[in-house]
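What follows is the residue order along each chain.
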Amino acid sequence: MAAFPRSAPCWVDAQLPDLEAGKRFYGGLFGWTFRAGDAAGGAYADALSDGKLVAALAAKQDGRMPTAWGVYFSTDDIAATVALIRQEGGQVITEPVRVGRAGVLAQAADPGGAVFGLWQAGDRSGFEKQKEPGSFCWTEVYTRQKDRVDAFYEKVFGFLGTDLGESGTDHGEPGIDHDEPGTGDGDASDSGSVDSGSAESGSGGAGASESGVDFRMWSPEGTEPGPDTAIGGRSVITDAFPAEMPSYFLSYFAVADCDATAETAVVLGGRVSAPPFDIPYGRMAVLHDDQGAEFAVLQPPVS
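Residues numbered from 1 in each chain as written. Predicted model: local features only at pLDDT ≥ 70, side-chain atom pairs only at ≥ 80, totals over all residues. Heavy atoms only, no water.

A. Layout of the nonpolar core. Grouped together as the largest cluster of nonpolar side chains are 64 residues, with contacts concentrated most on Trp-69, Phe-116, Tyr-153 and Phe-295. The contact partners of Trp-69, leaving out residues within four places of it in the chain, are Val-12, Asp-13, Ala-14, Tyr-26, Trp-32, Ala-55, Ala-56, Leu-57, Phe-253, Ala-293, Glu-294 and Phe-295. Of all hydrophobic cores here, the second largest spans 21 residues; its members include Tyr-142, Tyr-248, Tyr-252 and Ala-254. (Core = buried A, V, L, I, M, F, W, Y, C linked by side-chain atoms within 4.5 Å. Buried < 20%, exposed > 50% of the residue type's maximum accessible area, 1.4 Å probe, protein only. Contact = heavy atoms within 4.5 Å.)

Shown next as structure tokens:
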């Protein structure tokens, strides 16, 4: 498995109340198969697509934990990254812990409260498949404290920021086809009702370009910043949403048919918070699984 560059998204997992129910949902939705995986504690299942590692599902050890998808960023020195997180105003939630020979993980929150993970690879680097149907393709953080959060990620991960509209970035290709999720020209309202509790329906999301919401793309250190090198991004939660809505990461999975995936999610007991709609880089939707974990799906345009 190829090593991931420093600060690249390298893994996602979902913390769920019912692991077996999660297997049924995501197996039915993405065609994933599962095997018992390594974990720092508790039940954990690796998810595979075409026999390649793409994600994992974990049984929540504490009912107070959120039911959510989490994203992990690669680091070659997790102790130093944890120290830098503290120094730059973040919070360390889980100190570095070794996961057998696979590697070392930690969890932290940025100054706005969005939670993310760190992964220092041992025998396991992370995704064996990405940006293909049934696998991870993008992540973005939603925050109310953009200035503090921008500075945090630039210092901790070395991200180079490109704001939407700079240097012709409205029609770029941030690691997937065309624009980045979260900055397209689509309008979710054209596709039917949208869950009013979903930040994507107006705080950033795929309607950011039309709504004028601030969006910044992240490119890894050592690259030329811009859409061609972007690996994620930062959007904002506007005052139009309740103050109690927390900051969070939204991760995207590539699919071959966005509409069919949304329909299947409902059949499997999930729900659609932003119905499928077209954007310059394809067609997307925001979904919740049958236990409440939120994620997005993206069908790239036909090339």
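The rest of the description comes next.
B. Broad picture of unusual backbone geometry. Its identity as a non-glycine residue notwithstanding, Ser-7 has a phi of 75°, on the positive side. The phi dihedral of Lys-131 is positive, around 60°, even though this residue is not glycine. By the element assignment, Lys-131 lies in the loop between β8 (115-121) and β9 (135-143). (Helix = DSSP H or I, 4+ residues; strand = E, 2+ residues; numbered from the N terminus.)

C. Representation of the sheet that holds strand β14 (residues 271-279) within the structure. Judged by pairing direction, the sheet is mixed, and its eight strands sit side by side in the order β10-β11-β12-β9-β13-β16-β15-β14 without closing on themselves. Each edge of the open sheet carries a strand with a single partner, namely β10 (160-163) and β14. Across the sheet, the axes of successive neighbouring strands diverge by a mean angle of 25°, strand direction being ignored. One ladder, built from seven bridges, connects β9 with strand β13 (residues 248-254); its direction is antiparallel. Each residue of the ladder has a partner; that of Phe-136, found in β13, is Phe-253. The strands that helix α1 (residues 19-30) touches are β13, β15 (282-288) and β16 (294-299); relative to β16, the one it contacts most, it runs at about 10°. (Pairing = 2+ DSSP bridges. Axes fitted to C-alpha atoms, helices over the stretch in contact; angles between N-to-C directions.)

D. Structural detail: the environment of Gly-112. Structurally, Gly-112 is set in the loop between β7 (103-109) and β8. Along the primary structure Gly-112 and Arg-144 are separated by 32 residues, whereas in three dimensions their C-alpha atoms are 6.8 Å apart. Dropping the residues within four chain positions of it, Gly-112 is found in contact with Thr-143, Gln-145, Val-149 and Ser-247.

Without other data, these values stay purely geometric and don't point to any function.
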